[in-house]
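Coordinate inspection notes
Chain by chain, the residues:
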Amino acid sequence: MVATSPSQAATFALSEGQLVFTNFSQSPWGTFTDTHTNTGAIFQGGNVKASADAQATFKVLSPEALNSSLSLAEGMNNDYLGLAETQAKLIGNFSIVAGKSFSFDFRTLGNLKTSINDSSKEEAKANGDIFWVLIDKDHNNKTLDFFNIKGNLFTESDGDFLKINQSKNVAITNQRIKSNFGGKEEFATVLVEGSLKRVFANTTNLALVEVNTSQVVVKAPEPSVNVALLISSGVIGIVLKRKRKVNISTCSLK
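The rules we used
Starting from 1, residues in each chain are numbered consecutively following that chain's sequence as written. At least 70 in pLDDT is required for a residue's local features to be given in this predicted model, at least 80 for side-chain atom pairs to be given and counted, and no such filter applies to totals for whole chains, interfaces and linings, which use all residues. Derived side-chain values reflect all non-hydrogen atoms in the structure, with water molecules and hydrogen atoms excluded from consideration. Nonpolar core, defined: a set of buried Ala, Val, Leu, Ile, Met, Phe, Trp, Tyr and Cys residues in which side-chain atoms within 4.5 Å join the residues together. Under the scheme applied here, a residue whose accessible area is under 20% of the maximum for its type counts as buried, over 50% as exposed, and between as partly exposed, the area being computed with a 1.4 Å probe on protein chains only. Under the scheme used here, helices are H or I runs from DSSP no shorter than 4 residues and strands are E runs no shorter than 2 residues, and both carry numbers assigned from the N terminus. It only takes one pair of heavy atoms within 4.5 Å for two residues to be counted as in contact. Polar contact criterion, stated in full: a pair of N or O atoms within 3.5 Å, where within protein one must be able to donate a hydrogen and the other to accept it, and residues adjacent in sequence count only if both atoms are side-chain atoms. A residue's pLDDT is the confidence the predictor assigns to it, expressed on a 0 to 100 scale.

What follows deals with the nonpolar core. Membership of the largest hydrophobic core comes to 27 residues, with the highest contact counts inside it found for Phe 21, Phe 102, Phe 104 and Trp 132. Elements that contribute at least two residues to this core include exactly strand S1 (10-22), strand S3 (47-59), strand S5 (80-96), strand S6 (101-116), strand S7 (123-136), strand S8 (142-155), strand S11 (185-199) and strand S12 (204-219). Ignoring anything within four residues of it in the chain, the contact list for Phe 21 reads Glu 64, Ala 65, Leu 90, Phe 104, Asp 105, Phe 106, Trp 132, Leu 208 and Glu 210.

With respect to the helices and strands, Ser 71 occurs in strand S4 (residues 64-76). Only 3.0 Å separates the side chain of Ser 71 from the side chain of Thr 86, close enough to count as a polar contact. In this structure the side chain of Ser 71 is engaged in a polar contact, spanning 2.8 Å, whose partner is the side chain of Ser 214. Beyond its immediate chain neighbours, meaning those up to four positions away, Ser 71 contacts Ala 13, Leu 14, Ser 15, Ser 51, Ala 52, Ala 84, Glu 85, Thr 86, Ser 214, Gln 215 and Val 216.

So, about the confidence of the model for the protein chain. Across the protein chain, the average pLDDT comes to 86, with 83% of residues at 70 or higher. Mean pLDDT across the elements of the protein chain bottoms out in helix H1 (residues 227-233) (40) and peaks in S6 (97). In the model, residues 1-8 has pLDDT below 50 throughout and makes 16 contacts with residues more than four positions away in sequence or in other chains. Across residues 250-254, where pLDDT falls below 50, the model places 9 contacts with residues more than four positions away in sequence or in other chains.

Structure (structure tokens):
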């Protein structure tokens, strides 16, 4: 075994997102929510922590929907890998009467942060993706409208970005973005508020599907250490945690 001397190196990665739907023009006849989290840590000589949390709710009466994702990882010293990933999903099913409109408001928050001390040894990555789509279930799940926020940080490397895309029927009423790309400390934060309204000439069955994901990775490999050897020798600490929660509710509305 090759001895390694500890350093004061530190890494940090955070990805969090939240989306809220409010002011629906009508209640859904059924909803579905799903959350999934996964964390992992591999360490030998270093200290690493990873955590993940996801929440999702969809109220049928006085309809309102919310989900959030949080992934966090941080490490110290040498020879470690920490990762966390989170997904939260919402689905609402609606039946729209011919000649009626369907509308709702939404508010989205996203936050990414990464930092390292030594770019020759350390890496920190964070990415997030919040996406919703309105589909026509009567016509092979045809996409009618969509909205997407996607961001990525990789300290120190190329590939940092923050993108916002939406269809023409999505109206943005408020948008704030702050970011710092490059260097050993990076961040990107975004707030978007908006609404959607469509009128349907024919009776239509719709599904509003939203997915909120976050992922982070931190690592500080020691060049003189063979990680595969550490694993096979049984001297490396490995921690894996997975969690999933599903909720389905239906309601008949007259």
